[in-house]
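The residues making up each chain are set out below.
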Amino acid sequence: MLFAVSAPAQHRKYIFNRLSLKDGLASNQVYCIYQDKKGFMWFGTAHGLQRYDGRKTVMYRSGSSNDRYVPSSGIFQIFEDTSRLLWLRPGNEAGLFDPQTFRYRKAVIKTEGEIPPRSEYKMFKSSAGAVFMNITKYGILPYDPVSNTFSLDSSRIRVPVRWYANTIIEDPHNGDYWIGCDSGLVIYRPSTREMFYRDHNPHLHPVLMEKKFHEPITALFIDSKRRSWITTWPKITEQTFCFDLNNGSFLPYGNGLENRNGLYGELHHFIEQSNGAIWAFGHMTLHEFDSAQQKFQFVRDDYIDDFGIKFDRIFSFYEDREQSLWLATDNGVFVFNPERQFFNTSKYLWNNGKIEEKELAINAIIESSDGTIYAGSWGLGTLTWDANMNPIPNQVLKGLPDKVMLRQQWCIFEDTVHRKIWFGCQGGWVIIYDQQSKRSVFYQVPGIQEKTIRQIISDKNGNIWLGSQYGHLVKWTPIAGYGPDFLKGFDVKQNIGTIIYKIVADPKGAIWVCAHNKGLYKFDGSSGVMLRHYHANDAPGKSLHSNVVKDIVQYSDSSWFVSTGVLNQLNPYTDSIQIIGTDQGLPSGSTSCMEPDHDGHIWIGLMNGLGRYHPKRKSFTLFTQRDGLINGDFPTNASLVKRSGDLLFGNAHDIVQFNPRNLYVRATPLEVNITDFKLFNTYLPPDSIMNLDKVRLQHNQNSITIEFATLSYLQRDKTTYFYMLEGLDPNWIRADLGLYANYALLPPGSYTFKVMCRNADGVDSPTITTLRIQVEPPFYQTWWFISLLALLLAGIIYMVHRFRLNRLLEMERVRTRIARDLHDDMGSTLSTINILSEMARMKVDKDAGKTAEYLNKISDNSSRMMEAMDDIVWSINPMNDSMQRITARMREFATGVLEARNIEFSFRVDDEVADLKLNMEERRDLFLVFKEAVNNLAKYSLCKNAKIELRVKQHTLQLMVQDDGIGFNPETADSGNGLNNMRKRAQSLKGKLLVKSSPDNGSTVLLEVPLT
């Protein structure tokens, strides 16, 4: 979050991260900041309330004037009550906000009389949970939770008559309320309900006796050392005092607050960090108390575009649970952490007897045997610092010609045997600096056509190797010495024709050369013969990612790392190469220099910061400007690991020193929180969601997005998240695209969403955050619907079975009836014919007349048998199922019988009859009743006219056969078999048979059959 610049008598400069409109703030005018128990940051802005989870801001306001929601006006104060509701002060009102339901309950502010127009509203909460509303120029109103009302109550807090409070604090030592008023200081003791001030000081409190505090008091604070910081505003200007409550004396610690770079300002508040640091802030005021110099230092830097701080007013100052400081200003929110000074960045150098700040343009860095840091720069020559990175003078260029090329230094090497330092410069020049005599000489290396010297190293035999801008690989033999034969020691071993970025000598004597656009070479250290050439066009598994090779470091005997924009892990024994790029977690495809630290990590210079690679865990961590690197681009091979373990990286602007062990995250990661739950495009309250035993969704509510974060604002870019939806995902999924999990078209079922995190050092979060989700099936997939469907199917099967069984039974009844009819009609008729035949045979020779009579009877019985047979066959024929066929047969029968007797008749059938459905039994019984009635009419009525009607009346089928014959008396007439059979068949039809007749008045037969 910050870095510090090390320079004598220089106060620390901080790196600030800024949140503004472009980061989702509703307004750059931010009045207050608060962190709740879960870790969410709450911002009160000029346009309403917002919540921040480290990634995004969420707005809480209504689109109307509904007082159940947070007003859209400015929120000036936020703090939490004992039930985890948030107290808000929008303007001149106050209320409680529930983060779970988003509901806002406005409190009543009960006043008496008119409030002065310039009064300000300020809330105060005691450590015991008591809440007060201070209305300046009016009074202090305690809050009553029962009535939800602020009102005057002198039994809970009071000040002298006509004294009006400006500020209220609580003494952490004894719980007294210190009230800064327009007429001085008041101390109210809630435990005894006593009030003390300058005119009532029975305990002789020293601070109340000081006349300096009889002026209007605008700021009050009591720190952990029992020092009271009091700002007064006499008639002319404000004054700040530090009063030691332990011994009742003043301390000279208020100096420095007047320093605001010549601008007008006002001090409004003090705050103490958890580490004891004291800060003062307000209008054009941000000062840190420097305990070493015993004065306040003004903190402001308008000139670092993205990571400085610029404001007119700081409204609120808040320390979160990770000791980061959040500033609510009129220019957005600024965040920094003074305790995390892990990157010490310096632009300071020694120049002409003084320390100056400049752009350093560093190309190379070494640590000499005496601990001095040497850096070669482009244009500034040689720069030196002591072990603490304080600039110190050097004599490297002293006595040398004022050549520009000698100040354009690309590489540095120390010959520890002879205590000489080599500087490779532009134009093929090399400077040899003697550390004992503090004198330098310079030479132009022969055989390299005055080309820039880019690299100087030594091998295990003490030979010194140089690489040029144009690819010359030169070996200098120490036998030549540093005397007159110095230049004779140079021998050009190779010319690869391109820039040599890096030369490394391995323990076995081989020389490795990193070249521009030609790959990586391995040469024999004795002969200079090329042993191996690695490039991007080799076989798969043996090719580099690119031919632009910037650096190479040895990690182990069988593992080297090569920088080509990405990492290439090379095994020199098998010549196998594994590419480690952005798909494997590399933060950027812009690797340049590399340095292994003492703990086995590889530190990589990138164009967007510094990367740390853990080869065993295969994990990367990126450190950027958010972590204190002002200039995060490291394109050159200016890097060094010091003997102490500290690392140095240089670039075109500055030099950075840090201890890599300070950057390990030893603490266990925070628990992951579900920060938002989105159903389709609608956000649901995450707190309410997490309080549910299970989230139940309908089958058409099956597209969800779950957002999550640890709510760690320090480690947010160093934390890796993993999630899975148990019941759908077979394995954990790494959240590379963002801190969310999106599931569309979830099938019905029970799921458990799980999310965890891992910090940069491979430590997992202590718990796995879970959320149970139930997607209900559609009704047609529910158990009750499937059961109902099964029952319905079983019912259908049963009905089909019953229908088939009924058909079989019906067929059996038909067969039985046919057998009965054949037995009754055919059997009796055949028996009669048999008897008549036997009698005719016996009389044939004796009585011809009787024989003829018998033969006539045989003929009549045969005819009746044929008619009965015909009726049986006709009734079982399925083609005769319709009523049209029945009525047609009835008409045919009546015509044949009645016309033979010269009887005129009418036959009428209603239209409704044609739509009737009768089964086979019913059709046969109906026809036989009709047939019997017509036969009786023809045989016995002696009528001349007959009328036959078949009609439907009142759900009854009626068959009427009527004649105008001689009639009979039904009571005295012999009914015979015919009439009895008709009645039986009427009963079979569940109907009734009516016979109406009288002598000489004809007869009427009426059959009524109910229709169902």
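Residues numbered from 1 in each chain as written. Predicted model: local features only at pLDDT ≥ 70, side-chain atom pairs only at ≥ 80, totals over all residues. Heavy atoms only, no water.

**With respect to the overall build of the protein chain**
Quick note on the threshold: In this text, helices come from DSSP runs of H or I with a minimum length of four residues, and strands from runs of E with a minimum of two, each type numbered from the N-terminal end. Every radius of gyration here is taken over C-alpha atoms, with the globule rule written as 2.2 Å times N^0.38, N being the number of residues. By definition in these notes, contact holds between two residues if any of their heavy atoms fall within 4.5 Å. We treat Lys and Arg as the positive residues and Asp and Glu as the negative residues; His and chain ends play no part in the count. Note on charges: their place is set at NZ of Lys, CZ of Arg, CG of Asp or CD of Glu.
Helix and strand counts for the protein chain stand at 8 helices and 74 strands. The C-alpha atoms of the protein chain give 55 Å as radius of gyration, which overshoots the globular expectation for 1012 residues (31 Å, by more than 25%). Considering only contacts in the protein chain between residues 6 or more positions apart, those separated by 24 or more positions represent 53%. Computed over 114 positive and 111 negative side-chain charges, the inter-centroid distance for the protein chain is 1 Å.

**Concerning the sheet that holds strand 71 (residues 945-952)**
Inclusion rule: DSSP-based pairing: two strands are paired if at least 2 bridges between them are found. Orientation is described by lines fitted to C-alpha atoms, with helices fitted over the stretch in contact, and by angles between N-to-C directions that extend from 0 to 180 degrees.
Spatial strand order, 70-71-72-74-73: 5 strands in an open sheet with mixed pairing. Each edge of the sheet is formed by a strand with only one pairing partner; in this case those strands are strand 70 (904-909) and strand 73 (992-997). On average, each strand axis in the sheet is inclined to that of its neighbour by 10°, with strand direction left out of account. Sheet topology places strand 72 (residues 956-963) next to strand 74 (residues 1003-1010); 8 bridges connect them, and they run antiparallel. In the sheet register, glutamine 958 faces strand 74, and the bridge partner there is glutamate 1008. The strands touched by helix 6 (residues 883-900) are strand 70, strand 71 and strand 72; relative to strand 70, the strand with the most contacts, the crossing angle is about 175°.

**Quick word on helix 6**
Applicable threshold: What a helix is expected to span follows from its residue count: subtract one and scale by 1.5 Å. In this scheme, a residue with accessible area under 20% of its type's maximum is buried, one over 50% is exposed, and one in between is partly exposed, where area comes from a 1.4 Å probe on protein chains only. Read the arc as the range of directions from the helix axis to the C-beta atoms.
Between the first and last C-alpha of helix 6 there are 26 Å, a value that for 18 residues agrees with the 26 Å anticipated at 1.5 Å per step. Among all positions in helix 6, only Met883, Ile886, Thr887, Arg889, Met890, Phe893, Ala894, Val897 and Leu898 are buried. In an axial view of helix 6, the angular spread of the buried residues amounts to 160°, which keeps them on one side of the axis. For helix 6, the exposed residues set more than 90 degrees away from the buried face come down to Glu892, Glu899 and Ala900. Just beyond helix 6, the residue with positive phi is asparagine 902, at close to 60°.

**Concerning the sheet that holds strand 22 (residues 239-244)**
Reading across the sheet, the 4 strands line up as 20-21-22-23 and stay open at both edges, with antiparallel pairing between neighbours. Taken across any chain shown, the strands that pair with only one partner, and hence form the sheet edges, are strand 20 (217-222) and strand 23 (249-251). When the angles between neighbouring strand axes are averaged without regard to direction, this sheet yields 30°.

**With respect to the packing of aromatic side chains**
Heads up, the rule is: Two aromatic rings from Phe, Tyr or Trp, using only the six-membered ring of Trp, form a pair when their centres are within 6.5 Å; if the ring planes differ by under 30 degrees the pair is stacked, by over 60 it is edge-to-face, and anything between is tilted.
A complete count under the given rule lists 75 aromatic pairs for this structure. On the numbers, 6.0 Å between centres and 85° between planes, the contact of phenylalanine 213 with phenylalanine 243 is edge-to-face. Of this pair, phenylalanine 213 sits in the loop between helix 1 (206-209) and strand 20 while phenylalanine 243 sits in strand 22, and the two are 30 residues apart along the sequence. The class of phenylalanine 213 is buried, set by a relative accessible area of 1%. Between tryptophan 326 and tyrosine 713, the ring centres sit 5.1 Å apart and the planes meet at 85°, which makes this aromatic pair edge-to-face.

**Section: the nonpolar core**
Operational definition: Among the buried residues, those of types Ala, Val, Leu, Ile, Met, Phe, Trp, Tyr and Cys that are joined through side-chain atoms within 4.5 Å form a nonpolar core.
By size, the foremost hydrophobic cluster in this structure holds 42 residues, and its most contacted members are Phe43, Trp87, Phe150 and Trp326. Examining the composition of this core, we find that 4 residues originate from one element, strand 3 (residues 30-35), more than from any other. By size, the runner-up hydrophobic cluster in this structure holds 37 residues, among which are Phe893, Val961, Leu989 and Leu1007.

**What to know about a nonpolar patch on the surface**
Definition in use: Residues enter a patch when their relative accessible area is above 30% and they make no salt bridge; the linking distance is 9 Å between like charges and 5 Å between nonpolar side chains (Val, Leu, Ile, Met, Phe, Trp, Tyr). Methods summary: accessible areas were calculated by the Shrake-Rupley approach with a probe of 1.4 Å, and residue burial reflects only the protein chains presented. Whenever Lys or Arg places a side-chain nitrogen within 4 Å of a carboxyl oxygen from Asp or Glu, that contact is recorded as a salt bridge.
A contiguous nonpolar patch, built from Phe779, Tyr780, Trp783, Trp784, Leu788 and Leu791 and spanning about 780 Å² of accessible area, is present on the exposed surface. Within the element layout of this structure, tryptophan 783 appears in helix 4 (residues 783-843). Among the residues examined, tryptophan 783 registers a relative accessible area of 69% and is labelled exposed.

**Section: the UniProt feature "transmembrane region" (unreviewed entry) in the protein chain**
Convention followed: UniProt positions are given in the numbering used here, feature names are shortened, and annotations may be inferred rather than shown by experiment.
Mapped onto this structure's residue numbering, the UniProt feature "transmembrane region" (unreviewed entry) falls at residues 782-801. Between the end C-alpha atoms of residues 782-801 there is a gap of 28 Å, over a span that is 95% helix and 0% strand.

**Section: the domain arrangement of the protein chain**
The criterion, for reference: The domain boundaries here were taken from an automatic or database domain assignment.
One can read the domain layout of the protein chain as domain 1 (110-343), domain 2 (675-775), domain 3 (782-876) and domain 4 (883-1010). Inter-centroid distance (C-alpha atoms) of domain 2 to domain 4 is 86 Å.

**Overview of the pattern of salt bridges**
Across all of its chains, the model carries 35 salt bridges by this definition. With its nearest N and O atoms 3.4 Å apart, the salt bridge here joins lysine 56 to aspartate 53. Notably, a salt bridge pairs aspartate 736 with arginine 734, separated by 2.7 Å at the nearest N-O pair.

**Remarks on the packing of helix 6 against helix 7 (residues 920-940)**
In a packed pair of helices, the relevant descriptors are the angle between the two axes and the axis-to-axis distance. Selection criterion: Any angle that falls under 35 degrees is termed roughly parallel, while one over 145 is termed roughly antiparallel, one within 65 to 115 roughly perpendicular, and all others oblique. Left-handed describes a crossing whose near helix is turned anticlockwise from the far helix through less than a right angle; right-handed describes the clockwise counterpart.
Two elements in contact, helix 6 and helix 7, have axes whose closest approach is 10 Å; the angle formed by their N-to-C orientations is 15°. The pairing of helix 6 with helix 7 is recorded here as roughly parallel in orientation. Helix-helix and strand crossings are classified by hand; for helix 6 and helix 7 the assignment is right-handed. Here Met883, Ile886, Arg889, Met890, Phe893, Ala894, Val897 and Leu898 of helix 6 lie close against helix 7, whose contacting residues are Arg923, Leu926, Phe927, Phe930, Lys931, Val934, Asn935, Leu937 and Ala938.

**Brief notes about unusual backbone geometry**
Not every positive phi belongs to a glycine, and asparagine 352 is a case in point at roughly 55°. Inspection of the secondary structure assignment puts asparagine 352 in the loop between strand 32 (348-351) and strand 33 (354-357). Despite not being glycine, glutamine 449 has its phi angle at roughly 55°, a positive value. Locating glutamine 449 in the fold gives a position in the loop between strand 41 (439-444) and strand 42 (453-458). Exposure remark for glutamine 449: the relative accessible area of 52% places this residue in the exposed category.

**Details of the pairing of strand 34 (residues 362-367)**
Counting buried positions along strand 34 gives 6 out of 6 residues, so the element sits mostly inside the fold. A loop of 5 residues connects strand 34 with strand 35 (residues 373-377), the two strands running antiparallel in sequence, and glycine 371 in this loop sits at a positive phi of about 90°.

**Side note on the side chain of serine 20**
Along the chain, serine 20 turns up in the loop between strand 2 (17-19) and strand 3. Residue classification places serine 20 among the buried residues on the basis of a relative accessible area of 4%. Once you skip the residues sitting within four places of it in the chain, serine 20 turns out to touch Leu25 and Asn28.

**Topic: the confidence of the model for the protein chain**
Applicable threshold: The predictor reports its confidence for every residue as pLDDT, a score running from 0 up to 100.
Per-residue confidence for the protein chain gives a mean pLDDT of 89; residues scoring 70 or more make up 93%. A low-confidence stretch, residues 1-10 (pLDDT under 50), is modelled with 46 contacts involving residues beyond four sequence positions or located in other chains.

**Remarks on the pairing of strand 49 (residues 530-534)**
Along any regular strand the residues' side chains alternate between the sheet's two faces. Where strand 48 (residues 519-523) lies against strand 49, 4 bridges are found, and the strand directions are antiparallel. In the sheet register, leucine 520 faces strand 49, and the bridge partner there is tyrosine 534. Two successive antiparallel strands, strand 48 and strand 49, enclose a turn made up of 6 residues, where glycine 528 displays a positive phi of approximately 80°.

**Observations concerning the environment of lysine 931**
As for its position among the elements, lysine 931 is in helix 7. Exposure remark for lysine 931: the relative accessible area of 10% places this residue in the buried category. Residues lysine 931 and lysine 542, spaced 389 residues apart in sequence, show a C-alpha to C-alpha distance of 110 Å.

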